Amino acid sequence: MSSLALYRRYRPESFAEVIGQEHVTDPLQQALRNNRVNHAYLFSGPRGCGKTTSARILARCLNCEQGPTPTPCGECQSCRDLARNGPGSIDVIEIDAASHGGVDDARDLREKAFFGPAASRYKIYIIDEAHMVTSAGFNALLKVVEEPPEHLKFIFATTEPEKVIGTIRSRTHHYPFRLVPPGTLRDYLGEVCGKEDIPVEEGVLPLVVRAGAGSVRDSMSVMDQLLAGAGADGVTYAMAASLLGYTDGSLLDSVVEAFATGDGAAAFEVVDRVIEGGNDPRRFVTDLLERLRDLVILAAVPDAAEKGLIDAPADVIERMQAQAGTFGAAELSRAADLVNEGLTEMRGANSPRLQLELICARVLLPAAYGDERSVMARLDRIERGVNFSAGGAGVPAVAYAPGPEAHGGAPVQGFVEPGGGPAAARAAVRGPGPAPVPAPPAPAPPAPQVQQPPAPAAPVPSEAPPATGAPGAWPTAASAGGGGRRPGGWPTAAPAGGAQPPAPAPAGAPAPAPAAPQAAPAPVPSGGGGGGLDPRMLWPNILETVKNRRRFTWILLSQNAQVTGFDGTILQIGFVNAGARDNFLSSGSEDVLRQALAEQFNVQWKIEAVVDPSGGGGGMTAPAMAPAGPPAGGRNGGYGGGGQRPPAPQSGAPAAAPAQPASTPPPAPAPAPRPSAPEPPPVSPEDDVPEDDDPDLDESALSGKDLLVRELGATVVEEVTND
């Protein structure tokens, strides 16, 4: 076995043996066939890619006895002298410009260049590392390179062609060499190992190609080192990885899986194994970045291995395909970006382990960053773990909808979102109005009612309030033990079944049945012209939009108005008195409300303002309430725009009245007195401090006429000017 270096033993002897440089070798061979050889050539490119070797092959082709020819014969004296292990030719002079690049060396070359060749056709100067020639040296060679004798040829080889002065570069034919593709280089190394008759495991050659970085000479040197240390079983993957300093594949698999599952303990355990194993943290980060790059490509191109985009063994490709499936595209891209940034920060760092741990922490915690990459990574994680169903459009999302048991058996009419404003709270504590049409009684017993002690200052009503909520009221949940509100806060609604203790019935009223079943509310159809929108459900949102447009209109609506009806195209707003309604119509507030509806819900509803002291008891087509007589029941022409409903029986009425004789007309039922709103308990003056967000604070700065109009619903009859 020869002790000659592997790259020297297998140095190409013809252009056909040069690998990965077909863009250079093919034009040169064609020029030799056409006998159009220039007097000076410039070969440039990275180290170890075949510049000097191609210069020797070109000299051999020019001086062959059968030449100039693209295929030297190998039999003549010139071909034997310039062979792989030949002694060299006196007519082919190689000069190392790194040590002979001065002006004196250039002058000596110029003097000898005019002498003819000793035994060959041409006298050829191969100037290696031409970028090391000084400017004075190039200027000394300028004339002889520009107009050389017929027997003189120059071949410059350099890795930095930009350092060759332009006057020299313009007088040469420039051929740029490139790095050899990994696939071509791997096949070539496999052929060399086969000729050396040493077995090599499958994963070794990709490591060698990666270490060589596209340079044939560097890869051959690495391969020579591995072959020299091979044992009886040849070159193993573990041996190559440890000798070349690459990270073990199991460590990379572990840290990638930790990133995919968000397992911080596993990730930091891998960091500890890297440090304790004596591995270079920078090399580990570099290998991790390479692995993430492969995963990004596999995620985008599943058949990347077949297309040659990834160079790895088959088992490693399978593991990486499984790993790429556990990541999202944005998550992989973010992890690769963070590792790349961390690798840059590790250069010159005093504590590489600390930098490595910080990289892992950043990758594992996308929620700690608010940039677009982190948000997309979090979305990838959500999409992999949760399937969302499409919700209904046009209705605001509700986080919690209380069931019937939360209101003591009262039917659930709607849900008030937090921050619904004073209108919702005022409607919640307002006394109930006429009840809806009851369904047939169910045999089930009624839900138990939660008793609450009455406030000391609250008047006792003569009759218990009905169990159902008022049609115009907003039901809100109240705790069983709530007895009042904090100073400056909004009043809360008591449960509809047990806010007030039952009071004895009037003397003339019949006794209620002992076990009257709860009446189920009739379903309320949605308006047909509003695209499924329910103004009663959306009233707090409407008020909030009005508040943003005009505060005066918001105050007027929140304190004095409520939705009383809707038939799909006409929205009926009921005001507590005529003054508030006239003020709404004359102040331009109707246009503000219409614009708020169009802005928030993209609807064009007609606004109708009516006087409704009952808080929403009447419907759109109901006539004005008579001063005496029973209250109108139901919501005539309300939601859904249907016909008139029959009056709803009071919840306090008996379930089955005794039969009356036919000759005696039944007495007219007395109108149920309207219960008053529960008053808050007395608050000491030192505790009655308003909250910062109290809407009762002075925000409008109204006084005089405007204050009377807003608070009392007054109407300006005449203004008298006192001079």
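Now for a quick tour of the structure. Just so we're clear, the structure is a prediction, and the values are computed from it rather than from any experiment. (Residues numbered from 1 in each chain as written. Predicted model: local features only at pLDDT ≥ 70, side-chain atom pairs only at ≥ 80, totals over all residues. Heavy atoms only, no water.)

Moving on to the sheet that holds strand E4 (residues 152-158). Here we have five strands laid out as an open sheet, ordered E2-E3-E4-E1-E5, and parallel in their pairing. What marks the edges here is a single partner per strand, and that holds for strand E2 (92-96) and strand E5 (173-176). Taken pair by pair, the neighbouring strands of this sheet meet at an average axis angle of 15 degrees, ignoring direction. Pairing geometry for strand E1 (residues 40-44) and E4, over five bridges, is parallel. Residue pairing across strands places Tyr41 opposite Ile155, the latter belonging to E4. In the packing of helix H5 (residues 103-113) onto the sheet, contacts are made with E2, strand E3 (123-128) and E4, and the angle to E3 comes to roughly 165 degrees. (Pairing = 2+ DSSP bridges. Helix = DSSP H or I, 4+ residues; strand = E, 2+ residues; numbered from the N terminus. Axes fitted to C-alpha atoms, helices over the stretch in contact; angles between N-to-C directions. Contact = heavy atoms within 4.5 Å.)

Moving on: the nonpolar core. Among the nonpolar cores identified, the biggest contains 38 residues, and Phe259, Phe284, Leu288, Leu292 and Val339 are the most heavily contacted of them. Among the elements that take part in this core, helix H14 (residues 281-300) stands out by supplying eight residues, more than any other. (Core = buried A, V, L, I, M, F, W, Y, C linked by side-chain atoms within 4.5 Å. Buried < 20%, exposed > 50% of the residue type's maximum accessible area, 1.4 Å probe, protein only.)

A separate point is the sheet that holds strand E6 (residues 561-566). Pairing is mixed across the open sheet formed by three strands, whose spatial order is E6-E7-E8. Looking along the sheet, the strands with just one partner apiece sit at the ends: E6 and strand E8 (606-611). The mean angle between the axes of side-by-side strands here comes to 30 degrees, regardless of whether they run parallel or antiparallel. Direction of pairing for E6 relative to strand E7 (residues 570-575): antiparallel, over a ladder of five bridges. Its bridge partner being in E7, Gly565 is matched across the sheet by Gln572.

Tracing the sequence through the fold places Ala304 in the loop between H14 and helix H15 (314-325). The class for Ala304 is buried, based on a relative accessible area of 0%. The spatial distance from the C-alpha of Ala304 to the C-alpha of Asp294 is 9.0 Å, given a sequence separation of 10 residues. Excluding residues that lie within four positions of it along the chain, Ala304 makes contacts with Ile297, Leu298, Leu309 and Ile310.

Turning next to the side chain of Thr69. By the secondary structure assignment, Thr69 is in the loop between helix H3 (51-63) and helix H4 (77-81). Note on Thr69: relative accessible area 12%, which makes it buried. A polar contact is formed between the side chain of Thr69 and the backbone nitrogen of Thr71, at a distance of 3.3 Å. Apart from residues lying up to four places away in sequence, Thr69 is in contact with Leu32, Cys61 and Cys64. (Polar contact = N/O pair within 3.5 Å; in protein donor to acceptor, adjacent residues only side chain to side chain.)

Next up on the list: unusual backbone geometry. In this model, Asn35 sits at a positive phi of 60 degrees, which is unusual for a non-glycine residue. The exposure class of Asn35 is exposed, given its relative accessible area of 55%. The backbone of Glu129 sits at a positive phi, close to 55 degrees, despite the residue not being glycine. Looking at where Glu129 falls in the secondary structure, it is placed in the loop between E3 and helix H6 (135-146).

Turning next to the pairing of E3. For E3, a buried count of five out of six residues is recorded, marking the element as mostly surrounded by other parts of the structure. Of the strand pairs in this sheet, E2 and E3 are connected by five bridges, and their pairing is parallel. Bridge pairing in E3 places Asp96 opposite Asp128. At this point the chain moves from E2, through H5, to the parallel E3, and the crossover so formed is right-handed. Alignment of E3 against E4, held across six bridges, turns out to be parallel. Each bridged residue has a counterpart across the sheet, and for Ile126 the counterpart in E4 is Ile155. At this point the chain moves from E3, through H6, to the parallel E4, and the crossover so formed is right-handed. (Right-handed = clockwise from strand over helix to strand, strands pointing away.)

Now for the packing of aromatic side chains. Taken as a whole, this structure holds eight aromatic pairs when the rule is applied. Pairing Tyr41 with Tyr175 gives two aromatic rings, centres 6.0 Å apart and planes at 35 degrees, and the pair type is tilted. Of this pair, Tyr41 sits in strand E1 while Tyr175 sits in strand E5; the two residues are 134 residues apart in sequence, bridging distant segments of the chain. A residue is classified by how much of its surface remains accessible, and Tyr41, at 4% relative accessible area, is buried. Geometrically, the ring pair formed by Phe566 and Trp605 is tilted, given 4.6 Å between the ring centres and 55 degrees between the ring planes. (Phe/Tyr/Trp six-rings, centres within 6.5 Å; stacked < 30°, edge-to-face > 60°.)

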